[in-house]
Each structure stands twice: as structure tokens, then as C-alpha cells.
Amino acid sequence: MKKGYFGDFGGRFAPELLMPPLLELEEAMARIMAGEPFQRELADLLTHFVGRPTALYHCANLSRELGFGLWLKREDLAHTGAHKINNTVGQALLAKHMGKTRLVAETGAGQHGVATATAAALLGLECIVYMGAEDVVRQAHNVQRMELLGATVRPVDSGSRTLKDAINAAMRHWIAEQGTTHYCLGSAVGPHPFPLLVRELQAVIGREALDQIQARIGVLPDQVVACVGGGSNAIGMFHAFVPHAQVALIGVEAAGDGSPGCCHSATLSTGTTGVLHGTMTKLLQTVEGQILASHSLAPGLDYPGVGPEHAHLQALGRAQYVCVTDDQALAAFMRLARTEGILPALESSHALAYALKLTGTLPQTANVVICLSGRGDKDLEIVRQELLKREG
Amino acid sequence: MSTSYLTEKITKALAQGRKAVMPYLPAGYPTKEAFWKHIDDLDAAGADIIEIGVPFSDPVADGPVVEQAALCCLEQNVNLAWILEELHRRRPTIQAGIVLMGYMNPFLQYGMDKLARDAARAGVNGLIIADLPLEESNGPRKLLQEHGVDLIPLVGLNSSPERLRAHAEEATGFVYFVSVMGTTGVREALPEQLQDALTQAKQIFPIPLALGFGLHAPSQLQGVESVVDGVVMGSALIRHIDSTGSVGSFLAPWIDSQ
Ligand SMILES: Cc1ncc(COP(=O)(O)O)c(C=O)c1O
């Protein structure tokens, strides 16, 4: 396989000025991150700071209603309330070992921004977070959290004013400040080695889930499900299960309001191959190669690209990618809250909504494990407004 | 291999005792009509090579002025097919060398093979792809070279001697040296290390060396005159057009003062 590629996807389509820091990062992964001292330090932080292992929770109430066993990998219980912290603690630690003094990041839902600001505070690094102006409004609560953690939030007013534009701004910043700065990318996207780096740091989710489910029921699950924005929680969840062919891997994308041709975020389901943010992957784009604005109720899924490894798993037929609408995700959010006492992030609600659709289609003995990528506290304002809208 | 038309253009300018002048303008800026008038005016004013920007929705290597201009072009539905068609029609009356400068995805969607053919047919002499580093460039370069179109490499202050040498082995036309660690956009002062970096690059590349990003006045070249063969002006030209409505005397200081 070509260097930095997953089959036909991936690679490194970045300006020449970014090649030196990308090569430096690749070298640091091999020299520092692969080493035993780094791994020990990281494991210690994951246990005592992040709160790993996170629980694997059997939804007894919902399982009765659905007619099969439903399990949640509780990334919402990790420090800061989402899986994003696994990645940022790892990258911040690596950056520190590389002698960098500052992290720059982009954020959509704000979860990655909060997680980066948290890791930066912990490790004594400066932190600058770019965020689409639209998302600054949608996720005001997380903006406040980042600022309290000592980060500088820079609203991005160009383009669609969401995640993709925040990534453009963060990359520009990195080009200019590469000597002192590490770009702490928030998902399994971007030029090589980022998709690999983020996957390695998120793979802890699936490793734990695999051990936990086997310890509990003695067999592998039938399906493993995760929502896909850039694809980091999903690839982290899938990675340990990929070699187990009998386990179906399902990635759930956002279909927005579901109307055909509307702007949505279902990149793998409806996109075409192209290059964005340094990587060859599936994209929402015009036939002329202009990137389309995406849309989802869940800000963390609002991205017109996807990690290249997912495009590869899809091409191989090893993973399947399906879509869920805003309405279905909102219904799933409400249902989990009422039946199990858990408020899921709107992103994670997409994965859950897929599982709810399986009612009556699986045998009683089937087991489905969902990555509950984050908690819903950040989404309360969006949910409140949506409910008001629906009540008319 | 025959000498590249772009190399020839620069060599001619140098023979006249001046640096090659290479204005950059996004295709369709500020309007589709006005754009071609500006190209004709730049050509008449003595531009040696004209860089036509191919607009892209997500231009990560560009600053705010070029990004805004590119988005303005996209709003008028400018695309590669239109650029190449118009260029094909108008090329016989344009003296300057023509380079298309853009990002990978629009080129990729057009089809690299078809692009190489149609670009050559339209009289394009070279391509600059801002997000195509050395490692990914072999395939596109071969396709373009088969049709006599140069793939111009971008290098910068952080390019190691090893990378410069690797580029030098492949490059034809000229090499584009990015003057700053950052995006396009006018800067008052150029970085201090520039002189040493340019001198090093000049020794490594057998083809002419053009300097771009941040240029607005010939006085900025003080100290690097002897190693720079050409200059590229983008944001400064866009601003000039914004404030005066025409190309006017924009190139004069670059051509006359030298
Ligand atoms: C809670 C939560 N889940 C999922 C995502 C989607 O990202 P990814 O696909 O990289 O896991 C986000 C992104 O912000 C998020 O905050």
C-alpha cells in the first residue's frame, strides 16, 4: 500500500510548506509515541485523568422494547463528556515531547475545542481554537468552557462559517506558526499522518468494548455502531473489531432534514471521491469540485468530508454506512433520556436512532454495541428550540 | 527536452536587464467581462507571465484578499471549462506566458488527463497546484509534461536542501519561492532569512526562480535582486483593481524601475 494511504484513500495533499511539520509529526509518532515511556505516561493519564476504562452499559429497558440486546460504550462518561479527550490528551502529550508550546485546533460542536483546551491546560500548553461563527452561536456553552480553561476562541466568518472553514483557518495558522505549534486535529481526517494518529489514539474505545462485551456475554457482538462526522469515534470503535469478520460495522451519517438534494452531511452515503483538507476521500462536492456546505442538527456531524479509512472500509465492504435524519436523531435523544436516564449528544443520537430502527428485525439473542460518543448537555439549547418548533 | 516557454519568457526579461513580471488574478475577477479586459491590459503593459487563479471554495494557502476574490468568482459560476474555452479563443492575441494556479480538487474532478490535453490546447504553459506536494506530484507531472505543460513547484523558507534537490530533479519552467511562512497577502517587510534561503535555492535549481506572496513594491526586493528572476503579485493587484477599477499603471513600477 502506498505510504499514508488506506487503499485508494488518504495521502498527503497539503501545501509544500506543511510538508516539514507533517514529516516531523510522522517521525515523532515513530520515535516518541511508539516508545514504552510515552505509552506508560499516556495510559496513566487515560486512567486517572480521562477516567478510562469507560463503562459498557447494558440498556435493560430499551433492550426489552427493541427485542435484542442493546449496549452503550459510555464515552459520555469520559472527562469533558466526549470521546474527543482520548485524542487530545494523546496529541498534547506528543506535542509536549516534541517541544511545542502551543496547540491550535478547530472545533464544530465545541467538544474537540473543550478537549484540546483541557489537555493544553493540563500539560501547560497555550491553546487557540478556531470555530465557525455559526457554531460559536450554536454551542455558546462550550465556547464559555474553552475560555474558562484558558483557551482563545477565534470565530471564523468565511465560507459556510462551520467546521470546514474552521479547519481551513487552523491549517493556515499552522503554516505560519509551525515551529512552536502543533495542530491538534480533531478527527481522523487531514493529511497523513493525522488519520492514522487519531485512529491510534481513539482505538482504545474499541479495544475496551471488545474486552468488556466478551467478559460480559462471552461472545462477540453482532453489530457495532457509531456516528460518523469526520469519523474518529467510529474508527476508534471499529478498529479492534475489523479483523472479526462476523461483527457487522455500521457507521451512521447525518441526513439533515432528509429531503433529497437538501444540504446534509452524509458524505459516504451520497458523496464522491476528491481531495479536501489534505486527504483523498469521499466529499460532498459539485461536479466541478467545489466543496458544498453540509448541514446537520448535530454540529459535530456537520462536515462535508470524512476520514479516508472509512472510505476504504466502505470500498472493501467491511463497514456499511447508513443515514439518519435530524428528526430520527431527536426522537432517539428523547427516548434514551426517558428509558435509560441518559442524555446523549445529538451526534451519538444518530447512532442510537439507527439501532432503534432495528426493532423486530433481529433475534432476541442478538447484541448491538453503540458508541455513545458524548453527552447531550452541550445540545440542550438546540433540543429546546427544536421541540418548540415541533410543537408549533 | 525543448526549452520551456515559461523559462524562455523569463530569460528574455532578464536579458532586458529586468526581472520577469508575473501578475496573478483569479479567473472572472471582478466580473467575467472585466477579467479578460484586465488580462489584455496586463499583457499590453508588459507582463511576462500571467497567472490565472482557478477559484476553489476552500483555498487553505490563501489569505483573505485572494479568498474573497475567489469566492466572488465562484458566485459567477466560473469553472475550469469556461476558463479553458475562453482562453482557447483569446490566446492568439496574448503575448504573455499563461499559468493556471489553483487547488487539486477542481483539477482532479475535471480529470488530470483531460486537463493536460485541454490546457495545452488552450495555450496554457504551466500549472501551479497549491496543495500538491512533491510526494503526490509524479502522476500529474508526467501527464502534464506529455502535453508540454510545466508543473511549477512551490518551495519555501522551511524547504530543506534535500527537498529542494528532489524538486530540482523534476521541475521544469520555473520554481516558485514562497516569500513568507504563511498565506498570500501583502506584507510590509519580508522575513530576514529570505536572502540566505533564496541564495541556497538559486544554487540548487537549474531553472529560473520566482518570488511571490506578499509583494507590493519593488523596494521589497532590496538585498535579493541578484537571486530573484521573477516576481509574482496577487493580493496587491486585486486591491489595485478594487480601488481604481483597472489595471492601469500597476505593473509600471516593476517594469520601469528595474
Ligand atoms: C459527541 C460527538 N460525537 C461525535 C462527533 C463526530 O466526530 P467524529 O466522527 O470524529 O467522532 C463529535 C464531533 O464534534 C462529537 O462532539
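Structure: above.
What you see is a predicted model, and the numbers here were worked out from it, not measured in a lab. (Residues numbered from 1 in each chain as written. Chains lettered and ligands numbered in written order. Predicted model: local features only at pLDDT ≥ 70, side-chain atom pairs only at ≥ 80, totals over all residues. Heavy atoms only, no water.)

Draft legend 1. Seen up close, the overall build of chain A. Within chain A, the regular secondary structure consists of 16 helices and 14 strands. Taking the principal axes of the C-alpha coordinates as reference, chain A spans close to 55 × 50 × 45 Å. For chain A, the residues scored as buried account for 66% of the 392 residues in total. In chain A, once contacts between residues fewer than 6 apart in sequence are set aside, the share between residues at least 24 apart is 74%. One finds the centroid of the 32 positive side-chain charges in chain A at a distance of 2 Å from the centroid of its 37 negative side-chain charges. (Helix = DSSP H or I, 4+ residues; strand = E, 2+ residues; numbered from the N terminus. Buried < 20%, exposed > 50% of the residue type's maximum accessible area, 1.4 Å probe, protein only. Contact = heavy atoms within 4.5 Å. Lys, Arg positive; Asp, Glu negative; His and termini not counted. Charge placed at Lys NZ, Arg CZ, Asp CG, Glu CD.)

Draft legend 2. Spatial organisation of the packing of aromatic side chains. Scanning the model with the defined rule gives seven aromatic pairs over all chains in all. With a centroid separation of 6.0 Å and an interplanar angle of 55°, the aromatic rings of Trp36 of chain B and Trp82 of chain B are classed as tilted. Here the residue Trp36 of chain B occupies a position in helix α2 (residues 32-44), and Trp82 of chain B occupies one in helix α4 (residues 80-90), the gap between them amounting to 46 residues. Grouping residues by exposure puts Trp36 of chain B and Trp82 of chain B together as buried. By way of ring pairs, the aromatic residues Trp174, Tyr183 and Phe194 of chain A are connected into one cluster. Here Arg74 of chain A stacks its cationic end above the ring of Tyr57 of chain A, 5.9 Å away from the centre of that ring. (Phe/Tyr/Trp six-rings, centres within 6.5 Å; stacked < 30°, edge-to-face > 60°. Lys NZ or Arg CZ within 6 Å of the ring centre and 35° of its normal.)

Draft legend 3. Region of the structure containing the sheet that holds strand β5 (residues 102-107) of chain A. All names here are of chain A. One open sheet accounts for four strands, arranged β7-β6-β5-β8; its pairing is parallel. Of all strands in the sheet, those bounded by a partner on one side alone are β7 (152-156) and β8 (181-183). Taken pair by pair, the neighbouring strands of this sheet meet at an average axis angle of 25°, ignoring direction. In the sheet, β5 pairs with β8 via three bridges, with the strands oriented parallel. Bridging from a neighbouring strand, Val104 pairs with Tyr183 of β8. In the packing of helix α8 (residues 163-177) onto the sheet, the strands contacted are β5, β6 (126-132), β7 and β8, and the crossing angle to β5 comes to about 160°. (Pairing = 2+ DSSP bridges. Axes fitted to C-alpha atoms, helices over the stretch in contact; angles between N-to-C directions.)

Draft legend 4. Molecular detail of the pattern of salt bridges. Under the definition given, this model contains 36 salt bridges over all chains. Where Glu67 of chain B meets Arg172 of chain A, a salt bridge forms, and the shortest distance between an N and an O atom there is 3.6 Å. Taken together, the residues Glu67 of chain B in helix α3 (residues 64-75) and Arg172 of chain A in helix α8 connect one chain to another. By relative accessible area, which is 6% here, Glu67 of chain B ends up buried. Classification of Arg172 of chain A as buried rests on a relative accessible area of 14%. (Salt bridge = Lys/Arg side-chain N within 4 Å of Asp/Glu carboxyl O.)

Draft legend 5. Highlighting the interface of chain B and chain A. Listed per partner, the contact involves 35 residues of chain B and 34 residues of chain A. Carbon and sulfur atoms make up 52% of the surface buried where chain B meets chain A, a total of about 2,700 Å² over both sides. Taken as a group, Asp58, Val60 and Glu136 of chain B account for 22% of the area that chain B buries against chain A, more than any other trio of residues on that side. Applying the counting criterion to the chain B and chain A interface returns three salt bridges. Secondary structure elements with two or more residues in the side of chain B that touches chain A: α3, α5 (104-110), β6 (154-156) and α8 (161-170) of chain B. Top contributing element to the side of chain B that touches chain A by residue count: α5 of chain B, with five residues. The residue makeup of the side of chain B that touches chain A, split by class, is 18 nonpolar, ten polar and seven charged. (Buried area = accessible area lost by both parts, 1.4 Å probe. Nonpolar A, V, L, I, M, F, W, Y, C, P; charged D, E, K, R; others polar.)

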